[in-house]
Amino acid sequence: MPQPYVSSRRLVANSLSAMLAAIEVYNKPRMEYRDEVTVVLVVNAWELALKATLRQAGKRIFYPKKRNEPYRTLAAEDALKQVVINKLFPTGVDGTALAANVTALVGYRNRAVHLYAADLGEMVYPFLQTSVLNYRDFMLDRFNKDLADSITWQLLPLGAKAPTEPIQFMKTEPATSAVTEVQDFIEGLRELLDKAQAAGADMQRVAAVYDVHLNSVKAVTRADLVVSVAHEGERVMVKKTDPNQTHPYTRTKLLERVNAKRKGPGKDRTLTTHDHQALCWKDHLRDDPRMAWKHSDGVTYVWSGDAMRHMVNLTDEQYAEVRLEYREDLRARKAEAKG
């Protein structure tokens, strides 16, 4: 029996519908079971998007058929694995970080039935918000579909009010089975974050907390997941840290890492500060908060993992074009100043 035909275009359309539904559900002013329903929809949106990616690349989206049983499509976890194995992430998206983010949400979804007594909304929010942003970039790069076209908020917040305190607490009732489940879930997240960080993932793309102005202020790492026991029960704390943690590279360190990572055809040239300067002019890197950050009293910029990947992905030929355009622009400005 041949496999059922599946339209990648329809998968993309349903994926976008699932993500929009997730955002609408989360933003309802009153709703029970909000976090669980939202996570289910977000994971479903990713599952459909990943299957559409595999389908578009001519890869299988069904498990091997068992006798006397219908065909079954890949679960979200397995679809994600196949996209990772086949290296189908767009060049502008950090696949390692995205995979870690989706895996965390899949883990929460799978445990949701056992976490009924635990209030983990504040814990899940950073992963959800980051997942929406990752999803937008993924769909725009892979399918030329912009989620923002259907949403009025520019930054696509899941909540009308983001966490604002330096430390957020998620309380669970003491002496219940949920406490063990919470501890297991948090330990699983720690291991996941450890692996992502060790693999060089941009942690800002795994989970991030946003302030009330919806500016990204931190990336969540293993060290941010702290379990403390108090008289009223267990508390899981998410701590905010300095934005320098999300933009850790000076220009010198940025170029060192970029040159160390640039490998493959058309990437033989060692990049210089002039290359960086030309690219900043061409792509307005200093104006993009995902790429660059400068303290209000500072003079120099610091750079993020996104900036590093952006520079790594360009070929020598593209850098040559940027240098030429930049040189012509400088000449034009000098001529204008003289004239």
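In this text the structure is predicted, and so the values were computed from the model without any measurement. (Residues numbered from 1 in each chain as written. Predicted model: local features only at pLDDT ≥ 70, side-chain atom pairs only at ≥ 80, totals over all residues. Heavy atoms only, no water.)

Engineer: Sorry if this is basic, but what is going on with the overall build of the protein chain here?
Structural biologist: Broken down by element type, the protein chain carries 10 helices and seven strands. When the accessible surface of the protein chain is totalled, it reaches about 18100 Å², and 51% of it is carbon and sulfur. (Helix = DSSP H or I, 4+ residues; strand = E, 2+ residues; numbered from the N terminus. Areas by Shrake-Rupley, 256 points an atom, 1.4 Å probe, with all protein chains shown as cover.)

Engineer: What am I meant to see in the pattern of salt bridges here?
Structural biologist: Side chains carrying opposite charge are able to pair once their charged atoms draw close together. In total, this model carries 14 salt bridges according to the counting rule given. The salt bridge involving Arg 309 is made with Asp 94; its shortest N-O contact spans 3.2 Å. Separated by 215 residues along the polypeptide, Arg 309 in helix 9 (residues 305–313) and Asp 94 in the loop between helix 3 (76–85) and helix 4 (95–111) bring together distant segments of the chain. Overall, the relative accessible area of 9% leaves Asp 94 in the buried class. Across the salt bridge formed by Arg 290 and Asp 137, the nearest N and O atoms sit 3.6 Å from each other. (Salt bridge = Lys/Arg side-chain N within 4 Å of Asp/Glu carboxyl O. Buried < 20%, exposed > 50% of the residue type's maximum accessible area, 1.4 Å probe, protein only.)

Engineer: Which parts of the structure should I look at to understand the confidence of the model for the protein chain?
Structural biologist: Low-pLDDT portions of the prediction should not be read for the details of their coordinates. Per-residue pLDDT for the protein chain averages 78, and the proportion of residues at 70 or more is 76%. Mean pLDDT across the secondary structure elements of the protein chain bottoms out at strand 1 (residues 167–171), with 32, and peaks at helix 8 (residues 273–283), with 95. Of the regions scoring below 50 in pLDDT, residues 159–178 engages in 63 contacts with residues more than four places distant in sequence or in other chains. Note that pLDDT drops below 50 for residues 211–215; the model gives that stretch 11 contacts with residues more than four away or on any other chain. (pLDDT = per-residue confidence, 0-100. Contact = heavy atoms within 4.5 Å.)

Engineer: It is not clear to me how the nonpolar core should be interpreted in this structure. Could you clarify?
Structural biologist: The nonpolar side chains of a soluble globular protein tend to be buried, and buried together. Residues Met 19, Tyr 135 and Phe 138 are the most contacted members of the largest nonpolar core, which totals 61 residues. When contributions to this core are tallied by element, the ones reaching two or more residues are helix 1 (8–26), helix 2 (34–56), helix 3, helix 4, helix 5 (121–143) and helix 6 (177–198). Not counting the four nearest positions on each side in its chain, Phe 138 is found in contact with Trp 46, Ala 49, Leu 50, Thr 53, Phe 89, Pro 90, Val 93, Leu 98 and Phe 143. Judged by nonpolar contacts, the second largest core, of 20 residues, contains Tyr 249, Leu 285, Trp 303 and Leu 314. (Core = buried A, V, L, I, M, F, W, Y, C linked by side-chain atoms within 4.5 Å.)

Engineer: Please explain helix 3 as it appears in this structure.
Structural biologist: In an α-helix, one turn spans 3.6 residues, which is why side chains three or four residues apart end up on the same side. Here helix 3 has its buried residues at Ala 76, Ala 79, Leu 80 and Val 83. Considered in projection along helix 3, the buried side chains sweep an arc of 100° and stay on one side of the axis. Across from the buried face of helix 3, at angles greater than 90 degrees, the exposed residues are Lys 81 and Ile 85. Phi turns positive one or two residues past the end of helix 3, at Lys 87, with a value near 55°. (Arc of directions from axis to C-beta.)

Engineer: I'm lost on the packing of helix 1 against helix 2 in this one. Help?
Structural biologist: For any two helices packed against each other, one specifies the crossing angle of their axes together with the interaxial distance. Here helix 1 crosses helix 2 at 160°, and the two axes come no closer than 8 Å. Of the possible angle classes, the one that applies to helix 1 and helix 2 is roughly antiparallel. In the packing of helix 1 onto helix 2, the handedness of the crossing is left-handed. (Axes fitted to C-alpha atoms, helices over the stretch in contact; angles between N-to-C directions. Parallel < 35°, antiparallel > 145°, perpendicular 65-115°, else oblique. Left-handed = near helix turned anticlockwise from the far one by under 90°.)

Engineer: What am I meant to see in the packing of aromatic side chains here?
Structural biologist: If you walk through the whole model with that rule in mind, you get seven aromatic pairs. Relative to Phe 138, the ring of Trp 46 has its centre 5.5 Å away and its plane inclined at 65°; by these criteria the two rings are edge-to-face. Placement of Trp 46 in helix 2 and of Phe 138 in helix 5 is noted, with a sequence separation of 92 residues between them. Here Trp 46 and Phe 138 have matching classes, each one buried. Geometrically, the ring pair formed by Trp 281 and Tyr 326 is tilted, given 5.6 Å between the ring centres and 50° between the ring planes. One end of the pair, Trp 281, is in helix 8; the other, Tyr 326, is in helix 10 (residues 316–338), with 45 residues separating them in the sequence. A relative accessible area of 27% means that Trp 281 is categorised as partly exposed. Within the aromatic cluster, the residues linked to one another by ring pairs are Trp 46, Phe 89, Tyr 135 and Phe 138. Sitting above the plane of the Tyr 26 ring, Arg 34 keeps its charged end 5.8 Å from the centroid. Sitting above the plane of the Tyr 71 ring, Lys 65 keeps its charged end 5.8 Å from the centroid. (Phe/Tyr/Trp six-rings, centres within 6.5 Å; stacked < 30°, edge-to-face > 60°. Lys NZ or Arg CZ within 6 Å of the ring centre and 35° of its normal.)

Engineer: Looking at this structure, I do not really get the packing of helix 3 against helix 4. What am I missing?
Structural biologist: Contact geometry of helix 3 with helix 4 gives a least axis separation of 10 Å together with a crossing angle of 170°. In terms of orientation, helix 3 and helix 4 fall into the roughly antiparallel class. As for the relative orientation of helix 3 and helix 4, their crossing is left-handed in sense. Every residue of helix 4 that contacts helix 3 at Ala 76, Glu 77, Leu 80 and Val 84 is listed here: Ala 99, Val 102, Thr 103, Val 106, Arg 109 and Asn 110. Here the residues of the contact of helix 3 with helix 4 are counted per class, giving six nonpolar, two polar and two charged. (Nonpolar A, V, L, I, M, F, W, Y, C, P; charged D, E, K, R; others polar.)

Engineer: Explain helix 9 here, please?
Structural biologist: Of all the nine residues making up helix 9, seven are buried; the element is thus mostly covered by neighbouring parts of the structure. Residues of helix 9 that are buried: Gly 305, Asp 306, Ala 307, Met 308, Arg 309, Met 311 and Val 312. Its buried side turned inward, helix 9 meets helix 7 (251–261), helix 8, strand 7 (302–303) and helix 10.

Engineer: Please clarify how the environment of Asp 268 should be interpreted in this entry.
Structural biologist: Mapping Asp 268 onto the fold places it in the loop between helix 7 and helix 8. Beyond its immediate chain neighbours, meaning those up to four positions away, Asp 268 contacts Arg 262 and Asp 316.

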